[in-house]
Amino acid sequence: MTGLWELFLTAAFVDNMPLTLFLGLCTFLALSRRPEAALGLGVAMTGVLGVTVPLNHLVYSYLLAPGAWAWAGLPEIDLSYLSLIAFIGVIAASVQLLEMLLDRFVPSIHAAFGVFLPLLTVQCAILAGSLFMVERSYTLAQSAVFGLGSGLGFAVAVAMLGAIRTRLAYADLPPGLRGLGIAFVLTGLMSLGFAAFSQMAAAQ
Amino acid sequence: MTAARATWSTLTDPLVRQNPVTLQILGICSALAVTTTLATAVTMSVALTIVLTLSAGLVSAIRRHIPGTIRLIVQIVIVASLVIVIDQVLQAYFAEISRALSVYVGLITTNCLVLGRTEAFARHNPPFPAMIDAFGNGLGYSLVLVTIGGLRELFGKGELFGRTILPLADAGGWFTPLSLMLLAPSAFFLLGLLVWAVRTILPEQSEAREHTPPPSTEPAE
């Protein structure tokens with residue numbers, strides 16, 4: 001049990017997706033101008049990562065992993081090179097499904113997500129979650145926890161950046177630094193802060 | 001003659017003036033993650049340029065046959081197949097670099113630069129200009145990657161491509177490596193400064209203010 005909790009914290013803070021691993025930066029920077037939008041994106045990320053990583057774990061271990069077809073008398077088949085296409089398909093399908101389910105049963109949440117859900121299909125952080133799951137060979141429970149943790153870390157980071165950027169909208173910056181430039185410098189400073197978490201993990 | 005000039009500007013515009021990374025915020029994830037050394041940065045640039053050029057050519061060649069509603073899925077499948085090929089080639093012939101790049105090669109699939117170019121340009125243009133445009137964008141991306149990768153490796157380790165350029169203090173030289181350069185934050189800082197530099201040279205790229213301050217009530221100087 002403690003193992004899972006540690007994995008959750010590591011995924012959320014030490015291996016923070018945008019700040020430490022540089023994943024999902026495009027949406028991270030593009031949608032962090034307003035805190036409300038940033039928060040919506042963060043929640044959507046958590047939901048989608050929490051669903052797709054365990055789903056892809058099932059797909060990988062029962063269909064693609066080396067030896068997965070042993071029950072059918074084909075033990076030497078190794079389809080793991082297909083994992084990219086399979087994962088993208090699963091992600092696109094589950095994002096679509098999630099959107100339809102939310103629209104049908106909880107329209108208020110669906111309205112709050114707005115345009116972010118469909119965008120997440122081509123979000124590198126989501127695909128990376130599944131790829132890391134394969135690379136580090138997590139179990140099903142671990143991959144669910146890992147997905148949720150990474151999503152939470154993304155949400156925290158993007159909400160913080162959104163808040164800082166709103167505040168900075170009134171600042172008098174040099175023209176060349178306005179917008180993208182200062183966003184990078186801010187992200188760098190936040191990343192410096194999050195680097196402290198990795199020291200914490202190393203001390204354990 | 002004008003056609004040749006148009007082709008030339010399609011190729012060279014994305015290098016600095018319309019650079020995909022510094023101006024359009026496309027493909028940043030991989031641009032930062034793989035730039036701790038020059039070798040990985042160059043490999044990533046080459047891989048991305050190949051995938052981008054080929055996928056633009058393919059998408060553009062079948063552009064009249066892709067139904068509009070499912071075009072994203074078709075494009076992603078084309079890109080993903082190319083990425084799988086590149087990934088397998090890297091694993092087979094450059095095993096060490098492939099390990100250093102970890103999942104980031106696979107992430108070319110969702111690199112917004114690739115989808116952005118196929119969606120914005122290749123879908124509406126014949127294969128030749130589409131591939132030229134994609135190649136130009138790949139070069140623009142590579143330029144940023146190589147710049148940042150070179151700076152980080154040079155100041156972080158005193159090396160370029162693994163060869164010592166600045167003699168290290170430990171080894172009797174004078175240079176003390178800045179280990180911050182190898183950590184994540186420095187990549188953000190360098191890219192931020194690069195954007196600032198580009199926009200100072202080309203002021204038309206700088207973004208408009210979000211809020212103009214209210215007119216000052218004090219008498220103007």
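Residues numbered from 1 in each chain as written. Chains lettered and ligands numbered in written order. Predicted model: local features only at pLDDT ≥ 70, side-chain atom pairs only at ≥ 80, totals over all residues. Heavy atoms only, no water.

Labelled according to an unreviewed UniProt entry, chain B appears under the name Na+-transporting NADH:ubiquinone oxidoreductase subunit D, originating from Roseivivax sediminis. Recorded in UniProt for chain B, the comment headed Subcellular location (unreviewed entry) runs: "Endomembrane system". (UniProt positions renumbered as here; feature names shortened; annotations may be inferred.)

Named according to an unreviewed UniProt entry, chain A is Na+-transporting NADH:ubiquinone oxidoreductase subunit E originating from Roseivivax sediminis. In UniProt, chain A has this text filed under Subcellular location (unreviewed entry): "Endomembrane system".

Q: Whenever I open this one, the packing of helix 3 (residues 38-61) of chain B against helix 6 (residues 112-120) of chain B confuses me. Can you help?
A: Relative placement of two packed helices is described by the angle separating their axes and the distance separating the axes. All names here are of chain B. Look at helix 3 against helix 6: their axes get within 10 Å of each other, and the N-to-C directions meet at 25 degrees. Relative to helix 6, the element helix 3 is oriented roughly parallel. Crossing angle aside, the handedness with which helix 3 passes helix 6 is right-handed. The segment helix 3 lies against helix 6, with Leu-48, Leu-52, Ser-55, Ala-56 and Val-59 engaging Leu-113, Val-114, Arg-117 and Thr-118. (Axes fitted to C-alpha atoms, helices over the stretch in contact; angles between N-to-C directions. Helix = DSSP H or I, 4+ residues; strand = E, 2+ residues; numbered from the N terminus. Parallel < 35°, antiparallel > 145°, perpendicular 65-115°, else oblique. Left-handed = near helix turned anticlockwise from the far one by under 90°. Contact = heavy atoms within 4.5 Å.)

Q: Could you clarify how one ought to interpret the interface of chain A and chain B in this entry?
A: Frequently, the measure chosen for interface size is the accessible area that the parts lose on association. Taken together, the contact between chain A and chain B spans 45 residues of the former and 41 residues of the latter. Carbon and sulfur atoms make up 74% of the surface buried where chain A meets chain B, a total of about 3,800 Å² over both sides. One can count zero salt bridges joining chain A with chain B. One can count zero residue pairs in polar contact (both at pLDDT 80 or more) joining chain A with chain B. At the level of elements, helix 2 (17-20), helix 3 (25-30), helix 5 (83-105), helix 8 (124-135) and helix 10 (180-203) of chain A are the ones that each hand at least two residues to the side of chain A that touches chain B. Element by element, the count of residues in the side of chain A that touches chain B is highest for helix 10 of chain A, at nine residues. Among the residues making up the side of chain A that touches chain B, the classes are represented as 30 nonpolar, ten polar and five charged. (Buried area = accessible area lost by both parts, 1.4 Å probe. Salt bridge = Lys/Arg side-chain N within 4 Å of Asp/Glu carboxyl O. Polar contact = N/O pair within 3.5 Å; in protein donor to acceptor, adjacent residues only side chain to side chain. Nonpolar A, V, L, I, M, F, W, Y, C, P; charged D, E, K, R; others polar.)

Q: Whenever I open this one, the nonpolar core confuses me. Can you help?
A: Nonpolar side chains tend to gather and get buried jointly when the protein is soluble and globular. Residues Leu-23, Phe-28, Leu-29 and Phe-184 of chain A together with Leu-32, Leu-107 and Ile-108 of chain B are the most contacted members of the largest nonpolar core, which totals 107 residues. Considering each element in turn, this core owes the most residues, ten residues, to helix 4 (residues 35-64) of chain A. Those residues in contact with Ile-108 of chain B that lie beyond four places of it in its chain are Met-44, Ala-47, Leu-48, Val-51, Val-79, Val-83 and Val-114 of chain B. (Core = buried A, V, L, I, M, F, W, Y, C linked by side-chain atoms within 4.5 Å. Buried < 20%, exposed > 50% of the residue type's maximum accessible area, 1.4 Å probe, protein only.)

Q: What's the story with the pattern of salt bridges in this structure? I'm lost.
A: If charged atoms from side chains of opposite charge come close, those side chains can pair. Evaluated as defined, the whole model comprises two salt bridges over all chains. Note that Arg-136 of chain A and Asp-15 of chain A form a salt bridge whose closest N and O atoms lie 4.0 Å from each other. Of the two residues, Arg-136 of chain A is situated in the loop between helix 8 and helix 9 (140-168) and Asp-15 of chain A in the loop between helix 1 (2-14) and helix 2; the sequence distance between them amounts to 121 residues. Judged by relative accessible area, which is 23%, Asp-15 of chain A ranks as partly exposed. Across the pair Asp-133 of chain B and Arg-117 of chain B runs a salt bridge whose closest N-O atoms are separated by 3.1 Å. With Asp-133 of chain B in helix 7 (residues 127-157) and Arg-117 of chain B in helix 6, the pair connects residues that are 16 residues apart, well separated along the chain. Of the two residues examined, Asp-133 of chain B and Arg-117 of chain B, each falls in the buried class.

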